[in-house]
Amino acid sequence: MEPMHVHIVYAHPSTGSLNAALRDEAIRTLEARGHSTTLSDLYAMKWKPVADYDDLGPVTDENFMEASGEAHRSGTLSDDIRREQQLLLDADAVILQFPLWWFTMPAIMKGWVDRVLTNGFGYGTVRGWRRYGEGVLAGKHGLAIVTTGAAEAHMSDRGINGSIDDLLFPINHGIFFYTGMDALPPVHIAGAVRLDEDGYRAGVERLRRRLEALEETEPIAYRAQRGGDYDEHRRLKPGLERPGASGFDLHIA
Ligand SMILES: Cc1cc2nc3c(=O)[nH]c(=O)nc-3n(C[C@H](O)[C@H](O)[C@H](O)COP(=O)(O)O)c2cc1C
C-alpha cells in the first residue's frame, strides 16, 4: 500500500457535533493506516464564503469568470485561495465532509468551492476546456462524507427526498469529476438527528471500513468528456446508456 496524502475540507459550526466526531475518526483511521492528512476546518478558519472582486487583486474584467482566470494567470488571487489550491495540489485524495443542509453542502463550503476552484485551476478557459476527468486535479480521488437528518429510506431510489446519489451528483460529477478527480462512492450517514449509540457505532464502523479501503475503492464510472461517449453537442450518444438508466444515471458507464 502506497501512503497517500489526504486533504479534508470540513464544514460544521459546532465542535461537539456528530460531524466533528466523524471527522476525528476519519483522521485517526487514515493516519493509523500510514496516510498523512491536512484539514481545512472552514468555520474555525472563518473562511470568507463569497466570491467577489476582492479575491482577484487589481483585476476588474466585468466578466467575473474571465477576471478569475486573469487573476489566476497573473498570480493576484488572494492568499487564502492560493493556500487552499496548494493544499489540493499536494493531496492524493480530497474529502469534502459536511451535514446535508437544504439538500446540499452548507453555504460556507459552497463558498470554498466557488472561491478556490477558479478559472485556470478548477476548470479552464485559460488553457482550453479541460474538465470531466481532465484538468489540474486529474488523478486525485474525491470523496464526500455526508450526514443527513433524513433516514436511509427517505433518500433511496423512491424516497421522498430524492436519492442521495442524485442529490450528490452536483458534487460528485459537477465538482470532483468536473475538476478531473475520480469521484469515489460517498459515505452517507443517514438518520443523523436521532442516531443512538448503536447507530453511531455502525456509522463509524462503515466510515472506517471505507477509509481503510480508500486506495482500492472503484470510483463512480462517470464518462470522460473526450472518451467518445458524447456527440458534438455533449449529449450522450444513443444506445450507450445502461438498461433502464435515465437522468443523472445516464452519465455512469
Ligand atoms: C440548516 C439546516 C438544513 C438542513 N437540511 C437538511 C436536508 O435538506 N436534508 C436532511 O436530510 N437533513 C437536513 N438537515 C439535518 C442535518 O443534515 C443534520 O442535522 C445533520 O446531518 C446532523 O449532523 P450534526 O449533528 O453533525 O449536525 C438540516 C439541518 C440544518 C441545520
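Before reading on, note that the structure itself is shown above.
The structure contained in this document is the topic of the report that follows.

Within the protein chain, the secondary structure is distributed over seven helices and six strands. Tracing the protein chain from N to C terminus, the helices and strands come up as β-α-β-α-α-β-α-β-α-α-β-β-α. Across its three principal axes, the protein chain shows a C-alpha extent of roughly 55 × 50 × 40 Å. In the protein chain, 72% of the contacts between residues at least 6 apart in sequence involve partners at least 24 apart. As displayed, the protein chain has an accessible area near 12500 Å², and 52% of this comes from carbon and sulfur atoms. For the protein chain, the centre of its 27 positive side-chain charges and the centre of its 37 negative side-chain charges are spaced 1 Å apart.

Right, let's talk about the pairing of strand 3 (residues 93-99) for a bit. For strand 3, the buried fraction is high: seven of the seven residues fall into the buried class. Where burial is concerned, the two faces of strand 3 agree: the one with Ala93, Ile95, Gln97 and Pro99 and the one with Val94, Leu96 and Phe98 are both buried. Across five bridges, strand 1 (residues 5-10) lies against strand 3 in parallel orientation. Paired with isoleucine 8 across the bridge in strand 3 is isoleucine 95. Across seven bridges, the pairing between strand 3 and strand 4 (residues 141-147) is parallel. Opposite leucine 96, over in strand 4, you have alanine 144 as the bridge partner.

The rules behind the values
- Residues numbered from 1 in each chain as written.
- Predicted model: local features only at pLDDT ≥ 70, side-chain atom pairs only at ≥ 80, totals over all residues.
- Heavy atoms only, no water.
- Helix = DSSP H or I, 4+ residues; strand = E, 2+ residues; numbered from the N terminus.
- Contact = heavy atoms within 4.5 Å.
- Areas by Shrake-Rupley, 256 points an atom, 1.4 Å probe, with all protein chains shown as cover.
- Lys, Arg positive; Asp, Glu negative; His and termini not counted.
- Charge placed at Lys NZ, Arg CZ, Asp CG, Glu CD.
- Buried < 20%, exposed > 50% of the residue type's maximum accessible area, 1.4 Å probe, protein only.
- Pairing = 2+ DSSP bridges.

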